[in-house]
Amino acid sequence: MLIIDCHAHIESHDEKRYQPKFNAPHPPGVNAAVEDLRRVSQAAGVSAVRAVQCVTFYGYDNRYLCDSTKQHRDWMRGVCTLDPDDPHSAGLLREFARDYGVSTLRSIPSPSRKSFDDPNVRKLWKVVADEGLSVDIFLMHPEWVRGAEKILQDFPHLEVGFCHCMDLKPGPDLASRLEAVIKLSRFPNLHPKLDFIGTGTRQKFPCEDLHQPCLKIIEAYGPERCVWASSFPNKQWTPMVTYDEHLRIFTEVLPLKTEARRQILGETARRLWFPELKS
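Residues numbered from 1 in each chain as written. Predicted model: local features only at pLDDT ≥ 70, side-chain atom pairs only at ≥ 80, totals over all residues. Heavy atoms only, no water.

Visitor: I would appreciate a short explanation of the pairing of strand E3 (residues 76-81) in the present structure.
Guide: Within a regular strand, side chains alternate between the sheet's two faces. Of all six residues in E3, six are buried, a share of seventy percent or more. Pairing analysis gives four bridges linking strand E2 (residues 48-52) to E3, with the strands arranged parallel. Counterpart to Ala51 in the pairing with E3 is Gly78. (Buried < 20%, exposed > 50% of the residue type's maximum accessible area, 1.4 Å probe, protein only. Helix = DSSP H or I, 4+ residues; strand = E, 2+ residues; numbered from the N terminus. Pairing = 2+ DSSP bridges.)

Structure representation (structure tokens):
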């Protein structure tokens with residue numbers, strides 16, 4: 001069965017060449033270089049990975065992401081993150097796509113306006129459309145939903161990954177956030193990443209506190225629109241479960257039909273981002 005990891009962060013061991021931002025969080029024992037990701041993912045049977053710019057570590061300095069994407073094009077796709085309020089971002093996005101093979105923009109709201117419904121955000125989405133790229137939308141808070149709906153309406157032909165499904169986790173906000181995520185299923189080009197089980201759980205494997213929200217999202221969107229993601233490095237972002245355990249939730253634990261597993265684990269991602277891979 002084809003398995004593709006749709007969201008992993010990478011951080012170089014060479015902090016002189018790729019300098020982290022001031023006070024970047026880096027828990028002891030976290031090894032997150034591209035070679036670490038390759039070793040861990042291959043050992044788990046993963047064929048390909050989408051590497052996402054680690055803003056908490058590098059800010060908007062995408063050099064390591066770009067260099068790694070260019071060097072490992074045979075198994076990796078790069079997802080850059082840029083500040084929409086920076087007037088240089090549109091040009092950088094074109095450069096990343098043309099010179100390094102970066103295939104996706106991870107879109108954040110305008111830092112100044114706190115919204116996706118913003119001319120600067122739209123400018124970057126226009127570049128995405130012109131360059132034949134895709135978007136991952138970093139929609140993490142309820143107050144960002146309205147702006148996200150407007151920009152999704154205006155770019156119906158762009159394929160959009162849905163990062164973390166609004167950071168779902170057990171607690172008083174779970175029901176309202178889950179409802180918002182499910183309502184967004186009306187946008188047929190929106191594809192939820194189901195990694196929130198690992199990032200949000202308060203339990204050890206198999207993280208049963210978030211199984212039902214995950215199954216409801218799969219039901220609403222259909223497995224042909226859902227993707228698995230690890231949120232590597234797991235010691236930092238999914239501290240309750242390892243890479244292998246997070247994957248096993250989807251390969252073994254969740255009560256999914258065989259075809260649904262195939263779609264979520266690899267086939268959806270292959271269609272969207274790795275069309276050259278054999279199914």
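Next comes the rest of the description.
Visitor: Sorry, what's going on with the environment of Cys6 here?
Guide: Tracing the sequence through the fold places Cys6 in strand E1 (residues 4-9). For Cys6, a relative accessible area of 0% gives the class buried. Sequence separation between Cys6 and Ser230 is 224 residues; the distance between their C-alpha atoms is 7.3 Å. For Cys6, the residues in contact, after removing those within four places along its chain, are Arg50, Lys193, Val227, Trp228, Ala229, Ala269 and Trp273. (Contact = heavy atoms within 4.5 Å.)

Visitor: Any chance you could explain the pattern of salt bridges here in plain terms?
Guide: Summed over all chains, the structure comprises 19 salt bridges. Where Arg39 meets Asp36, a salt bridge forms, and the shortest distance between an N and an O atom there is 3.5 Å. On the criterion of helical spacing, the pair formed by Arg39 and Asp36 is a turn pair, its members being three residues apart in helix H1 (residues 34-43). Across the pair Glu131 and Arg98 runs a salt bridge, and its minimum N-O distance is 2.5 Å. Of this pair, Glu131 sits in helix H5 (residues 119-131) while Arg98 sits in helix H4 (residues 89-100), and the two are 33 residues apart along the sequence. Residue Arg98 is classed as exposed on the basis of its relative accessible area of 58%. (Salt bridge = Lys/Arg side-chain N within 4 Å of Asp/Glu carboxyl O.)

Visitor: I tried to follow the sheet that holds strand E6 (residues 160-162) on my own but got confused; where do I start?
Guide: By way of backbone hydrogen bonds, the strands of a sheet pair with one another, either parallel or antiparallel. Pairing is parallel in the open sheet, where seven strands are placed in the order E1-E2-E3-E4-E5-E6-E7. The strands lining the two open edges of the sheet, one partner per strand, are E1 and strand E7 (190-192). If you compare each strand with its neighbour and ignore which way they point, the axes differ by 25° on average. Looking at chain direction, E1 and E2 are connected through four bridges and run parallel. (Axes fitted to C-alpha atoms, helices over the stretch in contact; angles between N-to-C directions.)

Visitor: When you look at the packing of aromatic side chains in this model, what are you seeing that I'm missing?
Guide: The description of two aromatic rings rests on the distance between their centres and on the angle between their planes. Summed over the entire model, instances satisfying the criterion amount to seven aromatic pairs. Of the aromatic side chains, those joined through ring pairs into one cluster are Tyr18, Phe57, Tyr58 and Tyr64. In this arrangement the basic side chain of Arg50 is found over the ring face of Trp273, its NZ or CZ atom lying 3.7 Å from the centre. Just above the ring of Tyr100 sits the side chain of Lys70; from NZ or CZ to the centre is 5.5 Å. (Phe/Tyr/Trp six-rings, centres within 6.5 Å; stacked < 30°, edge-to-face > 60°. Lys NZ or Arg CZ within 6 Å of the ring centre and 35° of its normal.)

Visitor: Where do I start with the pairing of strand E4 (residues 104-107) in this structure?
Guide: Here E4 shows a buried face lined by Thr104 and Arg106 and a second buried face lined by Leu105 and Ser107. Across three bridges, the pairing between E3 and E4 is parallel. For Cys80, the partnering residue across the bridge sits in E4 and is Leu105. Each parallel crossover has a hand, and for E3 linked through H4 to E4 it is right-handed. Summarising the sheet, E4 and strand E5 (residues 134-137) pair through four bridges and their orientation is parallel. Within the sheet, the bridge partner assigned to Thr104 lies in E5 and is Ser134. Once you follow E4 into H5 and on to E5, the crossover reads as right-handed. (Right-handed = clockwise from strand over helix to strand, strands pointing away.)

Note that every value here comes from positions in space, so none of it alone points to a role or purpose.
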